Amino acid sequence: MNGPALAIALLLKSPKLLPACRSWLPENRYTVVDLGLTGGVTDFQAALEQQREAVDAVVIEQSLLEPDLRRSLLEAGLLFPAVVVGEVMGRVDYHPEEVHLPADQLEQLGYNVDAAISRFLRHGQKEELHGEGQALDVEGGVLVEASAWRLTSRLQERLGYLGVFYKRDPSRFLSRLPPGEQEELLKSLERTYRDLLLSYFRDPAAANQALESFVNTAFFGDLPITRAVEIHMNLIDDFWKKLRLEGHKNDFLQDYRLALLDVMAHLCEMYRRSIPTESQLARSEQFGEEVVSS
């Protein structure tokens with residue numbers, strides 16, 4: 001394993017989701033924090049509050065995030081890196097740095113947890129630069145004090161200033177997974193890419209969340225560019241055959257090359273940002289010295 005184990009709280013109510021999520025969080029990298037929900041606990045906020053200091057990230061079922069609970073979590077400062085499991089609809093369910101993953105694509109859960117943590121850390125670092133005490137206008141009108149994002153400091157103490165984004169775990173790269181896990185991950189990526197194509201022109205916000213999920217997994221799983229192109233070509237070929245059999249026009253499918261270009265652009269940007277700047281390296285060294293001396 002590369003780095004300390006990450007403590008993940010699972011806020012799930014569907015009986016099938018809990019074992020499924022556990023199975024896609026490898027024990028050598030993730031520790032599942034027990035909130036007691038399987039024992040009949042129904043107060044999710046109180047359960048999370050009790051484990052506030054032990055949790056690094058949450059996996060939360062979308063249907064639990066009703067407006068009242070969401071507002072209450074934010075007002076209590078219970079703001080964690082989050083993977084929201086549920087339908088990709090292009091909306092913010094918890095906070096702007098959340099990552100979305102449908103229930104039929106949980107094979108990518110670990111990679112998306114890492115993505116959620118890296119997004120959260122980057123947001124917290126931006127807040128440090130902009131100063132404290134400001135308020136963020138989160139979609140839906142919920143105002144969150146910027147100080148809530150300072151939870152990033154605890155993650156930085158555990159993961160280092162540069163976090164997981166700059167230190168990908170090679171043991172989880174696609175090429176190093178057992179053949180069975182490789183196949184499952186690729187099939188899951190195909191489902192994500194299919195969601196991206198189906199919503200690309202119809203629902204850009206939902207397409208963007210599917211794109212982020214695909215790119216996050218591709219980056220942390222070190223997916224070869226050629227495999228990404230292969231997934232695109234195979235799906236377009238399937239669509240082309242289906243439309244032809246049904247007697248529909250299929251010329252418009254060439255417009256979906258834009259989706260592939262979008263994925264490539266986002267992936268290139270992630271790799272570009274994965275090289276820390278000199279100022280980030282300096283801050284990382286300074287942070288390490290402060291942790292040692294404290």
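Source: prediction; values computed, not measured.

**Student:** Quick question: what am I supposed to make of the overall build of the protein chain here?
**Tutor:** Counting its secondary structure elements, the protein chain contains 10 helices and 7 strands. Burial statistics for the protein chain: of 294 residues in total, 48% are counted as buried. Taking as baseline every contact in the protein chain between residues at least 6 positions apart, the subset at least 24 positions apart corresponds to 71%. Of the roughly 14600 Å² that the protein chain leaves accessible, carbon and sulfur atoms contribute 52%.

**Student:** It is not clear to me how a nonpolar patch on the surface should be interpreted in this structure. Could you clarify?
**Tutor:** Residues F201, L258 and L261 make up a contiguous nonpolar surface patch of roughly 320 Å² in combined accessible area. Note that F201 resides in the loop between α6 (179-199) and α7 (204-220).

**Student:** What exactly am I supposed to notice about the nonpolar core here?
**Tutor:** Grouped burial of nonpolar side chains is what soluble globular proteins tend to show. In terms of nonpolar packing, the biggest core is built from 83 residues, with L48, V59, V113 and Y193 touching the most fellow members. Those residues within four positions of V113 in sequence are excluded, and the remaining contacts are I8, L25, Y30, A57, V59 and V83.

**Student:** Even after reading the chapter, I still don't get unusual backbone geometry, so can you show me in this structure?
**Tutor:** Residues other than glycine predominantly adopt negative phi, and peptide bonds predominantly adopt the trans conformation. Look at D222: it is not a glycine, yet its phi comes out positive at around 55 degrees. By the secondary structure assignment, D222 is in the loop between α7 and α8 (225-245). The partly exposed category is assigned to D222, whose relative accessible area is 29%.

**Student:** How should I be thinking about the pairing of strand β3 (residues 57-61) in this particular structure?
**Tutor:** Two faces, one strand: in a regular strand the side chains alternate between the faces of the sheet. Most of β3 sits out of view: 5 of its 5 residues are buried. Burial along β3 is two-sided: A57, V59 and E61 and V58 and I60, pointing in opposite directions, are all buried. Note that strand β1 (residues 6-11) and β3 share 4 bridges and pair parallel. Bridge pairing in β3 places I8 opposite A57.

**Student:** Looking at this model, I keep getting lost on the pattern of salt bridges. Mind explaining?
**Tutor:** Two side chains bearing opposite charge may form a pair once their charged atoms approach each other closely. Counted according to the given criterion, the structure contains 15 salt bridges. For E230, the salt bridge goes to R227, with nearest N and O atoms at 3.7 Å. In this pair, E230 and R227 both sit in helix α8, 3 residues apart, roughly one turn of the helix. Taking the relative accessible area as the measure of exposure, E230 reaches 38% and is therefore partly exposed. On the basis of relative accessibility, which here comes to 30%, the residue R227 falls in the partly exposed class. In this structure, the salt-bridge partner of R272 is E269, at a minimum N-O distance of 2.7 Å. With R272 and E269 both in helix α9 (residues 257-273) and 3 residues apart, the pair spans about one turn of that helix. For R272, a relative accessible area of 53% gives the class exposed. Salt bridges linked by common partners bring R29, D114, D169 and R172 together as one network.

How each quantity is defined
Residues numbered from 1 in each chain as written. Predicted model: local features only at pLDDT ≥ 70, side-chain atom pairs only at ≥ 80, totals over all residues. Heavy atoms only, no water. Helix = DSSP H or I, 4+ residues; strand = E, 2+ residues; numbered from the N terminus. Buried < 20%, exposed > 50% of the residue type's maximum accessible area, 1.4 Å probe, protein only. Contact = heavy atoms within 4.5 Å. Areas by Shrake-Rupley, 256 points an atom, 1.4 Å probe, with all protein chains shown as cover. Patch = residues over 30% accessible without salt bridge, like charges linked within 9 Å, V, L, I, M, F, W, Y side chains within 5 Å. Salt bridge = Lys/Arg side-chain N within 4 Å of Asp/Glu carboxyl O. Core = buried A, V, L, I, M, F, W, Y, C linked by side-chain atoms within 4.5 Å. Pairing = 2+ DSSP bridges.

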